[in-house]
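# Structural overview for review
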Amino acid sequence: MDPSQLLKGVLDLAVLAVVADEDAYGYDIVRRLRDAGLDDVGDASVYGTLRRLFQAGALSSYVVPSDEGPHRKYYAVTPAGRASLATGAKTWRHFADVLDGLLGTSRKDAA
Amino acid sequence: MSATTTTDATDRADAYLAQVRRHLATLTDDERDDLLDDLTAHVHEVAASRHGPLVDVLGTPETFAAELLAAAGLAPTGSAGPGGAARHTAASLVSWTSTVRSHPWTRAVADFLPELRPAWWVARGWLLVYGLWLIGAEDRGSLPLPELFDSALLGVIAAVAASVVSVRLARRSSPPRYLIVIDLLAVVAALVLLLRVDDLATGPTVDYVGYQGAPVASGTLAHADGSPITNIHAYGADGEPLEQVRLFDQHGRPIEIHDATGEWGEPLVSEVVVGADGLPAANVYPLDQYALTWDNVRQAETRVPVPDPVLQLAPLPPTTASSTTTTSPTATTAPDRAATTTEPPPVGAGPPPGS
């Protein structure tokens, strides 16, 4: 199974979770997603997702001057973003449970 | 990090960003700047942290742009330029079409249309014959009925036959594909017919009837049968023609004839009579008229006087003394004095000169 296909459906949730953990700028978010284990996440996908979530009002942004290089745009989760993170998390857990159940059964059958 | 590698990294980042920007051509400037705002810092950072081509890390600029657009929920772009823009337009057109399609009114109409199909099959055959006749006929006739070989009966028979064939073809289990062409031709014929019906409603008269039913295209008077009146010849009770008769309607408005044309469509020009007050009087009859025609021999426009009608009229019996409409012979040269109505003459109706 192609992990990038799976990732597409849950990237919103992953980005929201990372930013909810701590305000971050784009590059930082990409790095934290990769560090968490999402090796395949594309830089462009993350930036596109950030823009969409920002447009949807799930994220707010502020600029922090940087000593080295250009200013950095930090993202923070808005209350609306937190709400959709909670809903998304619930949906994901249910989905994961169902799939775990299915896979567990088939494993038993295979054994 | 040395200064040279920093410069190198900046160049690589800028070059990469420029290419990504090219692949975002379908976006508005605002959208593109907004998207690239963050990315500039990011790509510079990536370039600075790694050696080697950025393509190895970020993928090709094209893939990068496509991924960016897809994730941002903007229309995907396969290529930069007008092709992408056209696709963008097509996409919004598709979404508009589906909005229209799902509208309850549209669905109500769509549900109803199949019921009308047999009526269209019949109409289609008739329209096709009508269309053929329209192409062939010089005189387009006065009825929306086709004629074949100058026979309305043959035309109607052909139309009915075509309608029967049309219905039979349509009811086949697999109607032939060329029927779509026939449908199109029938639609064209229907449009032409609509225009004809509009003509017929207006009547075959020369006058174009305006919105208030008043003649608008020309000030020309017309007989009840529609033939135009281009001049007026008044005769006295003695049966002799009158000169310089001024005509007014029931409101005292001068009756004028404008834009008159002769039998062959040639313009008729009238000499303008100017009253003693210096104002032109266009209601003085008979009009001194000539036709403007083109002389082929002399290659010049020539004026041909319009002949007066030749009439022999018997004198009328004398009216009773109380009548005020008796016209004396002297009035023929002084029509203003002959106007014996008790109302004052309308404004601008000064006596013509030479009286």
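## Details of the packing of helix α1 (residues 3-21) of chain A against helix α3 (residues 43-55) of chain A
Residue and element names in this part refer to chain A. α3 packs onto α1 with a crossing angle of 80 degrees between their chain directions and a minimal axis gap of 10 Å. The pairing of α1 with α3 is recorded here as roughly perpendicular in orientation. Contacts between α1 and α3 involve Leu 11, Asp 12, Val 15 and Leu 16 on the former and, on the latter, Ser 45, Val 46, Thr 49, Leu 50, Arg 52 and Leu 53. By residue class, the composition of the contact of α1 with α3 is 6 nonpolar, 2 polar and 2 charged.

## A short note on the sheet that holds strand β9 (residues 300-305) of chain B
Residue and element names in this part refer to chain B. Spatially, 3 strands are ordered β4-β8-β9 in an open sheet, and the strand pairing comes out antiparallel. Bordering the open sheet on either side are β4 (268-270) and β9, each of which pairs with just one other strand. Sheet twist, expressed as the average angle between the axes of neighbouring strands with direction ignored, equals 40 degrees.

## Here's the deal with the sheet that holds strand β1 (residues 24-25) of chain A
Reading across the sheet, the 3 strands line up as β1-β3-β2 (chain A) and stay open at both edges, with antiparallel pairing between neighbours. Every interior strand has two partners, whereas the edge strands, β1 and β2 (59-64) of chain A, have only one. Along the sheet, helix α2 (residues 29-49) of chain B makes contact with β1 and β3 (72-77) of chain A, crossing β3(A) at roughly 115 degrees.

## Some thoughts on the interface of chain B and chain A
In this assembly, 19 residues from chain B lie in contact with 19 residues from chain A. Taken together, both faces of the contact between chain B and chain A bury some 1,600 Å²; the carbon and sulfur share is 53%. For the pair chain B and chain A, the interface holds 2 salt bridges. Ionic pairing is found between Asp34(B) and Arg51(A), a salt bridge with its closest N-O pair at 3.3 Å. The set of elements that each furnish at least two residues to the side of chain B that touches chain A consists of α2 and α4 (61-72) of chain B. Looking at the side of chain B that touches chain A element by element, the count peaks at 11 residues for α2(B). Residues belonging to the side of chain B that touches chain A are distributed by class as follows: 10 nonpolar, 3 polar and 6 charged.

## Some words on unusual backbone geometry
Residue and element names in this part refer to chain B. Cis geometry is found at the peptide bond from Tyr 285 to Pro 286, where omega equals -5 degrees. As for its placement among the helices and strands, Pro 286 is situated in the loop between β7 (284-285) and β8 (289-295). At Gln 244, a residue that is not glycine, the phi angle is positive and equals roughly 55 degrees. Relative to the helices and strands, Gln 244 resides in the loop between β2 (228-229) and β3 (245-246).

## So, the packing of α3(A) against α4(B)
Two packed helices can be described by the angle between their axes and the distance between those axes. Running from N to C, α3(A) and α4(B) cross one another at 30 degrees; their axes reach a closest spacing of 7 Å. Relative to α4(B), the element α3(A) lies roughly parallel. Of the two possible hands of crossing, α3(A) and α4(B) adopt the one that is right-handed. Here Asp43(A), Ala44(A), Ser45(A), Tyr47(A), Gly48(A), Thr49(A), Arg51(A) and Arg52(A) of α3(A) lie close against α4(B), whose contacting residues are Phe64(B), Glu67(B), Leu68(B), Ala71(B) and Ala72(B). Residues that form the contact of α3(A) with α4(B) fall into these classes: 6 nonpolar, 3 polar and 4 charged.

## Details of the pairing of β8(B)
All names here are of chain B. Bridging between β4 and β8 involves 3 bridges; their strand directions are antiparallel. Residue pairing in the sheet places Val 269 in a bridge with Tyr 290 of β8. Once β8 ends, the chain turns through 4 residues before running back antiparallel as β9, passing Gln 299 with a positive phi of about 55 degrees.

## Topic: a nonpolar patch on the surface
Residues and elements named next belong to chain A. On the surface, Trp 92, Phe 95, Val 98, Leu 99, Leu 102 and Leu 103 cluster together into a nonpolar patch covering about 570 Å² of accessible area. With respect to the element layout, Leu 102 can be found in helix α4 (residues 79-110). On the basis of relative accessible area, Leu 102 is assigned to the exposed category, the value being 54%.

Rules used in this analysis
- Residues numbered from 1 in each chain as written.
- Chains lettered and ligands numbered in written order.
- Predicted model: local features only at pLDDT ≥ 70, side-chain atom pairs only at ≥ 80, totals over all residues.
- Heavy atoms only, no water.
- Axes fitted to C-alpha atoms, helices over the stretch in contact; angles between N-to-C directions.
- Helix = DSSP H or I, 4+ residues; strand = E, 2+ residues; numbered from the N terminus.
- Parallel < 35°, antiparallel > 145°, perpendicular 65-115°, else oblique.
- Contact = heavy atoms within 4.5 Å.
- Nonpolar A, V, L, I, M, F, W, Y, C, P; charged D, E, K, R; others polar.
- Pairing = 2+ DSSP bridges.
- Buried area = accessible area lost by both parts, 1.4 Å probe.
- Salt bridge = Lys/Arg side-chain N within 4 Å of Asp/Glu carboxyl O.
- Left-handed = near helix turned anticlockwise from the far one by under 90°.
- Patch = residues over 30% accessible without salt bridge, like charges linked within 9 Å, V, L, I, M, F, W, Y side chains within 5 Å.
- Areas by Shrake-Rupley, 256 points an atom, 1.4 Å probe, with all protein chains shown as cover.
- Buried < 20%, exposed > 50% of the residue type's maximum accessible area, 1.4 Å probe, protein only.

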